[in-house]
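Now for the letters of each chain:
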Amino acid sequence: MKNTMIKELRTEEEIRSAFSVMRQLRTHLDEAQYMDLVNEAREKDHYLMYALFEEDSIVAVCGFKPMITLYYGRFIWVCDLVTDQKIRSKGYGNELLSFIHVWAEDKGYESVALSSGLLRKEAHKFYEEKMMYDKASYVFKKSL
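Bear in mind the structure is a predicted one, so any value in this text is a computation, not a measurement.

1. Brief notes about the environment of threonine 27
Within the secondary structure layout, threonine 27 lies in the loop between helix H2 (19-22) and helix H3 (31-45). Overall, threonine 27 belongs to the exposed group, its relative accessible area being 54%. A C-alpha to C-alpha distance of 20 Å links threonine 27 and leucine 9, two positions 18 residues apart in sequence.

2. Re the pattern of salt bridges
Per the stated rule, a full pass over the model turns up 7 salt bridges. With its nearest N and O atoms 2.9 Å apart, the salt bridge here joins arginine 10 to glutamate 8. Glutamate 8 gets classed as buried once you look at its relative accessible area, which sits at 17%.

3. Section: the side chain of glutamate 14
As for its position among the elements, glutamate 14 is in helix H1 (residues 12-17). One polar contact links the side chain of glutamate 14 to the main-chain amide nitrogen of arginine 10, over a distance of 2.7 Å. When neighbours within four sequence positions are excluded, glutamate 14 is seen to be in contact with Lys7, Glu8 and Leu9.

How each quantity is defined
Residues numbered from 1 in each chain as written. Predicted model: local features only at pLDDT ≥ 70, side-chain atom pairs only at ≥ 80, totals over all residues. Heavy atoms only, no water. Helix = DSSP H or I, 4+ residues; strand = E, 2+ residues; numbered from the N terminus. Buried < 20%, exposed > 50% of the residue type's maximum accessible area, 1.4 Å probe, protein only. Salt bridge = Lys/Arg side-chain N within 4 Å of Asp/Glu carboxyl O. Polar contact = N/O pair within 3.5 Å; in protein donor to acceptor, adjacent residues only side chain to side chain. Contact = heavy atoms within 4.5 Å.

And the structure:
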């Protein structure tokens, strides 16, 4: 890795600048839908977005929100984590997710959790082997 920096994306322009990387994970969204959903999630769910920059380019993005449930207690739910597909496996995802771990611990959260699509085998390997996550459950979804 070269000269990297992690920064919270707060302005419309900053959030929009992450779309090209986020779209690699959320392929079903166009830019307008992405902006609408991010803005609503920020307003209603305290969603935060951080990006890892190499020089002046975004190389990885993470969106997450603080949550409280009876199962996990106070925790951080990682909604979105993606590294630019052109430069994966260079430690960027590890660096950004490790930053989220420290952020959560500094703010008194007990754990960090996420879900990952069943077919994303490389992502599962990353979470389990490199980031030391445990498989805690299956996630079920019913579309309405």
